[in-house]
Every structure is written in structure tokens, then in C-alpha cells.
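Chains, contacts and geometry: an overview
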Amino acid sequence: MIAPELQERLRAVKHCVVFTGAGMSAESGIPTFRDRAQGLWAKVDPAEVATPYAFRKNPQFVWDWHVHLADAVRRARPNDGHAAVARLQQFIPRVTVITQNIDNLHQAAGSRNVIELHGNLMRLKAFVDVDELFNGDASPLICRLCNGYAVSDELDRYAGPEDLAAIELKAGSVPRCPACGALLRPDVVWFGEPLHPGMLEDAFLAAETCDALICIGTSLEVEPAASLPWRAINRGALVIEVNPVPTPLSLAANARLAGGAGEVLPHFVSSVWGSPGRRSL
Ligand code: OAD
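Now for a description of the structure that goes with this document. Here the structure is a predicted model, which is why all the values come from computation and not from measurement.

Focus: the sheet that holds strand 7 (residues 238–242)
Read from one edge of the open sheet, six strands run 3-2-1-6-7-8, paired in parallel fashion. Looking at strand neighbours, the two that pair on one side only are strand 3 (114–116) and strand 8 (255–257), the edges of this open sheet. Averaged over all neighbouring strand pairs, the angle between strand axes comes to 15°, with direction disregarded. Of the strand pairs in this sheet, strand 1 (residues 15–20) and strand 2 (residues 94–99) are connected by six bridges, and their pairing is parallel. Each bridged residue has a counterpart across the sheet, and for Val17 the counterpart in strand 2 is Thr96.

Some thoughts on the packing of aromatic side chains
Tallied over the entire structure, the rule returns six aromatic pairs. With 4.6 Å between their ring centres and 55° between their planes, Phe55 and Phe127 make a pair best called tilted. Linking Phe55 in helix 4 (residues 52–57) with Phe127 in the loop between strand 4 (119–126) and helix 8 (130–135), this pair joins segments that are 72 residues apart in sequence. For Phe55, a relative accessible area of 1% corresponds to the buried category. Geometrically, the ring pair formed by Phe55 and Trp190 is tilted, given 5.6 Å between the ring centres and 35° between the ring planes. With Phe55 in helix 4 and Trp190 in the loop between strand 5 (184–188) and helix 10 (197–209), the pair connects residues that are 135 residues apart, well separated along the chain. Through pairs of rings, three or more aromatic residues link up here, namely Phe33, Trp41, Trp65 and Phe191. Over the face of the ring belonging to Trp190 we find Arg185, whose NZ or CZ atom lies 3.7 Å from the ring centre. In this arrangement the basic side chain of Arg231 is found over the ring face of Phe204, its NZ or CZ atom lying 3.5 Å from the centre.

Observations regarding the nonpolar core
In this structure, Leu10, Ile216, Leu265, Phe268 and Trp273 are the most contacted members of the largest nonpolar core, which totals 30 residues. Those elements giving two or more residues to this core turn out to be helix 1 (4–11), strand 1, helix 6 (80–87), strand 2, strand 6 (212–216), strand 7, strand 8 and helix 12 (261–273). A per-element tally of this core places helix 12 first, with seven residues. For Ile216, the contacting residues outside a window of four places in its chain are Val18, Phe19, Thr20, Gly21, Met24, Val85, Val242, Ala261 and Leu265. By size, the runner-up hydrophobic cluster in this structure holds 25 residues, among which are Phe55, Val62, Trp65 and Leu121.

Thoughts on the state of the cysteines
All chains considered together, the criterion is met by zero disulfides. Cys210 supplies the cysteine sulfur nearest to Cys16, a cysteine that is in no disulfide, at a spacing of 7.0 Å. In this structure Cys16 comes out as buried when scored by relative accessible area, which is 1%. Note on Cys180: no disulfide assigned, nearest cysteine sulfur contributed by Cys143 at a separation of 3.8 Å.

Quick look at unusual backbone geometry
The omega torsion of the bond from Glu223 to Pro224 falls at 5°, within 30 degrees of zero and hence cis. Tracing the chain through its elements places Pro224 in the loop between strand 6 and helix 11 (228–234). Residues other than glycine seldom take positive phi values, yet Asn104 does so here, at roughly 70°. Taking relative accessible area as the criterion, Asn104 reaches 35% and is therefore assigned partly exposed.

Remarks on the site of the ligand
What surrounds the ligand is a group of 22 residues, the closest being Glu27, Arg34, Thr218, Ser219 and Asn243. In this structure, an oxygen atom belonging to the ligand sits 3.3 Å away from a main-chain N or O atom of Gln100. Taking Thr218, its side chain carries an N or O atom lying 2.7 Å from an oxygen atom of the ligand. Looking at side-chain class alone, the shell around the ligand contains ten nonpolar, ten polar and two charged residues.

Details of the packing of helix 1 against helix 12
For any two helices packed against each other, one specifies the crossing angle of their axes together with the interaxial distance. At a minimum axis distance of 9 Å, the contact between helix 1 and helix 12 shows a crossing angle of 85°. By the angle between their directions, the pair helix 1 and helix 12 is classed as roughly perpendicular. Contacts between helix 1 and helix 12 involve Gln7, Leu10 and Arg11 on the former and, on the latter, Phe268, Ser271, Val272 and Trp273. Classifying every residue of the contact of helix 1 with helix 12 by side-chain character gives four nonpolar, two polar and one charged.

Let's talk about helix 10
In a regular helix each residue adds 1.5 Å, so 13 residues correspond to 18 Å; helix 10 covers 18 Å between its end C-alpha atoms and thus fits that length. Taken together, the buried positions of helix 10 are occupied by Leu200, Ala203, Phe204, Ala206 and Ala207. Seen along its axis, helix 10 keeps its buried residues to an arc of 165°; they face one direction. Exposed residues lying more than 90 degrees from the buried face of helix 10 are Pro197, Glu201 and Leu205. In this structure, the buried side of helix 10 is in contact with strand 1, strand 2, strand 3, strand 6 and helix 11.

What counts, and at which threshold
- Residues numbered from 1 in each chain as written.
- Predicted model: local features only at pLDDT ≥ 70, side-chain atom pairs only at ≥ 80, totals over all residues.
- Heavy atoms only, no water.
- Pairing = 2+ DSSP bridges.
- Helix = DSSP H or I, 4+ residues; strand = E, 2+ residues; numbered from the N terminus.
- Axes fitted to C-alpha atoms, helices over the stretch in contact; angles between N-to-C directions.
- Phe/Tyr/Trp six-rings, centres within 6.5 Å; stacked < 30°, edge-to-face > 60°.
- Buried < 20%, exposed > 50% of the residue type's maximum accessible area, 1.4 Å probe, protein only.
- Lys NZ or Arg CZ within 6 Å of the ring centre and 35° of its normal.
- Core = buried A, V, L, I, M, F, W, Y, C linked by side-chain atoms within 4.5 Å.
- Contact = heavy atoms within 4.5 Å.
- Disulfide = S-S within 2.5 Å.
- Near = heavy atom within 4 Å.
- Polar contact = N/O pair within 3.5 Å; in protein donor to acceptor, adjacent residues only side chain to side chain.
- Nonpolar A, V, L, I, M, F, W, Y, C, P; charged D, E, K, R; others polar.
- Parallel < 35°, antiparallel > 145°, perpendicular 65-115°, else oblique.
- Expected span 1.5 Å × (residues − 1).
- Arc of directions from axis to C-beta.

Following this line, the structure appears as C-alpha cells:
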């Protein structure tokens, strides 16, 4: 399925970026966002559940929606595609996985160098209400436990990191930081929020210096992540796309593998680099 000359070039790659979106985890049972019938955004307006404004207006509603998503993520196991991505580490000196997914499945499959551009659903952090903050008269107090802007200046001196770490994304009322009382939220990037600057710089640098980028299961509709394959192409890297549906990248890619990640990737990795456990010569 990959031309022999392209296979040769892939075997010479020293740094490969694997850039993934929701389609990577579809075969693990986690819905994508923009699938017309089953996608998460077909069922709810993202403005109602995935923005800081929505959380300020109705924290419980936003929390409950994330709890529901977390149930699917907890049930999910890495699929054969995640395993194939992890297997690239046996053959290529440097592999950087840059994912828009918040489900931890690349790490669970054994990928070691993972940049989670949109955060991680299972981590919590303090909700910082930016509007509230800039309307207030006093300078905010930073809570030593949650690093958020403390809502009460009477911090509980006895609350420790273990109390915060014990709080999970699960059904019930929205939890609060045990020290300062700030509301807690999942550590994911919502619409209207910036990506972590250091992480974004690392992702841009990896895309601009790699020899190959494999783009898997993303519609490439959300910036700045969507620019990564173009940054790689502009620097002369090989680009392979894995997606059952064509995207804006398809015509520019060196090869397009049409199909699901779990079905296409194991075959792709074996045909270019060799079978599991064996190093291709
Ligand atoms: P989308 O839902 O926009 O796109 C999923 C892509 O996966 C589509 O191109 C599908 O054709 C493809 N796909 C479906 N099944 C697949 C399979 N089995 N194997 C491979 N590909 C398959 O999801 P993303 O592009 O990840 O952001 O969306 C990007 C961002 O938009 C998400 O990270 C999220 C969302 O709003 C935030 O939450 C910040």
C-alpha cells in the first residue's frame, strides 16, 4: 500500500512525529467530535459544555458532561492503532507523539514521548474566572495547593497535596480545592482558552524539525493544532495521513491510508519496518 521508494525513505527517518486526533481512539469506543451522527458536538453545543463561560454560568452542568465523557475514557483500552504507534519506538530513533486527545491511551499503549496539546481529562485544576479576577479590587491571592486564585483568603492550613490528589472526576457536586475553596475543573483546553505555551512551542519545534509526520484521525479543523502537518510539509518532511475520510491535508500528503487507525496502522508499520519484535534491516 506504500510505494517501495517511499518505504525506503520512511526506513531512513530519524525523528518521526505522530500527530493524532479523536479518530485515533474511535475504535477504543470514545466518540469523535464531528462525526455527523455519533460525534460529541452533534449532541451538545460545545459552547454549553466546553468554554470557561459555560463553566461560570453552570459549573454543575459542565462537570456532569465531563463525568459522562470520563466514564467512556475509563472503560476504553488502547486499540491496535495505539499499539502500532508505540511500536514505532523500536524502529525510529526519536518518536514524538503530539495528541489532541485527552484520554491517556497513547501512554497506556507504551508511547513514552507524548505531548498532550489539549490536556488530560483525568487531571483536575482550579477554575480561574478571568472576568471575575479583573473586575475585583484586591489583587488575587494564589492558593499554594491548587495554584488557582484563592476564593477565600482564609486558607485551610492543614489541607495537603494528598487531599487535592484524592479528588476525582466523578458524579456528584463540583468539588472545591480543600485549601482555598476554588472550584475544580478538568485540566483540558476549552474553546476560547490558550494552549499551554511551552507545550505548543515544543509541538511546533518537533513538527518543524522532524523528517516524517504521520497524521492520524483528525479533521484538522481546530487551530493551532491543525497547522502542525503544514509546518512539517513546509520544512520538507514526509507526511502520511491515516483517516477513512479525506481532509484538507489529503492531497498534500505523500501517502493517504484510507481506513480506521486500528485496522490500517498495524499493517502499515509491519509492511514498512517489519513484524512485532523484529528490527527491519
Ligand atoms: P474530529 O471529530 O473533528 O475529527 C475526527 C477525525 O477522525 C475525522 O476526520 C474522522 O474522519 C476521523 N476518524 C473517524 N474514525 C476514525 C478511525 N477509526 N480511524 C482514524 N480516523 C478516524 O476530532 P479532532 O480532529 O480530534 O478540542 O478534533 C480536534 C479538536 O476539536 C479536539 O481535540 C477537541 C475538539 O473540539 C478540544 O476539546 C479543545
